[in-house]
Amino acid sequence: HNKTRASGCGESGSPFSEIIELNVGGQVYVTRHKTLIAVPDSLLWNMFSKKSPKELARDSKGRFFLDRDGFLFRYILDYLRDLNLVLPDYFPEKSRLQREADFFLLRDLAKRLSPRMSKDNSISEDVSQSDTEDAAQCCSSGETLRALSTSGAMRSPSLDSRKSGYITIGYRGSYTIGRDIQTDAKFRRVARITVCGKTSLAKEVFGDTLNESRDPDRPPERYTSRYYLKYNFLEQAFDKLTEAGFHMVACSSTGTCAYTSNDPNEDKIWTSYTEYVFCRE
């Protein structure tokens, strides 16, 4: 039984529907069957042309499941639609996207993502962050700067790494205090840590631990208040900021109290919103 929510029929003779839902690392994508088989001999081409729906893994809602990076898959899908890809001006995850292209057996895309390609290729004009770091290990700082200048990489993330600026970390937390304060206190529960500030600074500090799904493709010089972290430990965020040269300059917090019932002797639940402001001069 084909559980995929779809409409119409697939390619002539194909057991797949025309519209296919995918779950890639927890991110849901909806696309056409012909898009998935656009590149012969690729992994997706083999999955959706050589196998039957019953042979492929599915999630609990019947979507075809792929255990890969769900955020980077959007660029894989963009490439499959017209075999071309335009990345954002600031894109520090080029090496990770190249790894995904290798996994999906998209050889042309992987080749074009390689930093060794010529400058006339729109995908790989810039030197990726990992390539810059490798160059820094092999050369002195002066030689690295000259190498980047001659390669045409005018703005590499590593060269911008000492820019001054502010980053604000915010979180909503809750804790419960029982009738016996000493024994019944249940300490803070952090639901989500938000990141506000300039996009380029946030990406430099938090890297892969930054969740950009609520504000994707934001230009590096613009500001955002919609990023959040993939973990819930404030101290881990503080460590990241300290390692990048930031220090705390201010903080503020507001809180409200409510009872779990109408009985004032019952537990009190406190909820709070707290912001920490970090600066690098």
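For the structure itself, consult the block above.
Because the structure is a prediction, the values reported are computed rather than measured.

I'd like a rundown of the packing of aromatic side chains, residues and numbers included.
According to the stated counting rule, one finds 9 aromatic pairs in the structure shown. Aromatic rings pair up to connect Tyr 29, Phe 73, Phe 103 and Phe 104 into one cluster. Stacked on the ring of Tyr 75, the Lys or Arg Arg 74 has its end atom at 5.3 Å from the ring centre. Above the face of the Tyr 228 ring, Arg 192 is positioned so that its terminal group lies 3.8 Å from the ring centre.

Quick rundown of the environment of Arg 172? Include the residues and the values.
The residue Arg 172 is located in strand S4 (residues 165–177) in this model. Put simply, Arg 172 and Val 190 are 18 residues apart on the chain and 6.1 Å apart in space, counted from C-alpha to C-alpha.

I'd love a proper account of helix H9 (residues 199–206), names of residues and values included.
Counted residue by residue, H9 has 7 buried out of 8 residues, so it is predominantly covered. Residues Thr 199, Ser 200, Leu 201, Ala 202, Lys 203, Val 205 and Phe 206 constitute the buried set of H9. Gly 207, located one to two residues past H9, shows a positive phi value of around 50°.

I'd love a proper account of the nonpolar core, names of residues and values included.
Nonpolar side chains tend to gather and get buried jointly when the protein is soluble and globular. The biggest cluster of nonpolar side chains holds 30 residues, and the ones touching the most others in it are Leu 22, Leu 44, Phe 48, Phe 73 and Leu 97. Secondary-structure elements contributing two or more residues to this core are strand S1 (19–24), helix H2 (43–50), strand S3 (64–66), helix H3 (73–82), helix H4 (94–103) and helix H5 (107–113). The element best represented in this core is H3, accounting for 6 residues. Beyond its immediate chain neighbours, meaning those up to four positions away, Phe 73 contacts Leu 22, Val 24, Tyr 29, Leu 44 and Phe 104. By size, the runner-up hydrophobic cluster in this structure holds 22 residues, among which are Tyr 227, Ala 237, Phe 238 and Ala 244.

Residues and numbers for the pairing of S1, please.
S1 sits mainly inside the fold: 6 of its 6 residues count as buried. Burial of S1 is two-sided: the residues Ile 19, Glu 21 and Asn 23 facing one way and the residues Ile 20, Leu 22 and Val 24 facing the other way are all buried. Strand direction decides the pairing type here: S1 and strand S2 (residues 27–32), joined by 6 bridges, are antiparallel. From the neighbouring strand, Val 24 faces S2, where its bridge partner is Gln 27. In sequence, S1 turns back onto S2 through a hairpin of 2 residues, with Gly 25 there showing a positive phi of about 55°. Relative to S3, S1 runs parallel, the two being bridged by 3 bridges. Bridge pairing in S3 places Val 24 opposite Leu 66.

Cut-offs and rules
- Residues numbered from 1 in each chain as written.
- Predicted model: local features only at pLDDT ≥ 70, side-chain atom pairs only at ≥ 80, totals over all residues.
- Heavy atoms only, no water.
- Phe/Tyr/Trp six-rings, centres within 6.5 Å; stacked < 30°, edge-to-face > 60°.
- Lys NZ or Arg CZ within 6 Å of the ring centre and 35° of its normal.
- Helix = DSSP H or I, 4+ residues; strand = E, 2+ residues; numbered from the N terminus.
- Buried < 20%, exposed > 50% of the residue type's maximum accessible area, 1.4 Å probe, protein only.
- Core = buried A, V, L, I, M, F, W, Y, C linked by side-chain atoms within 4.5 Å.
- Contact = heavy atoms within 4.5 Å.
- Pairing = 2+ DSSP bridges.

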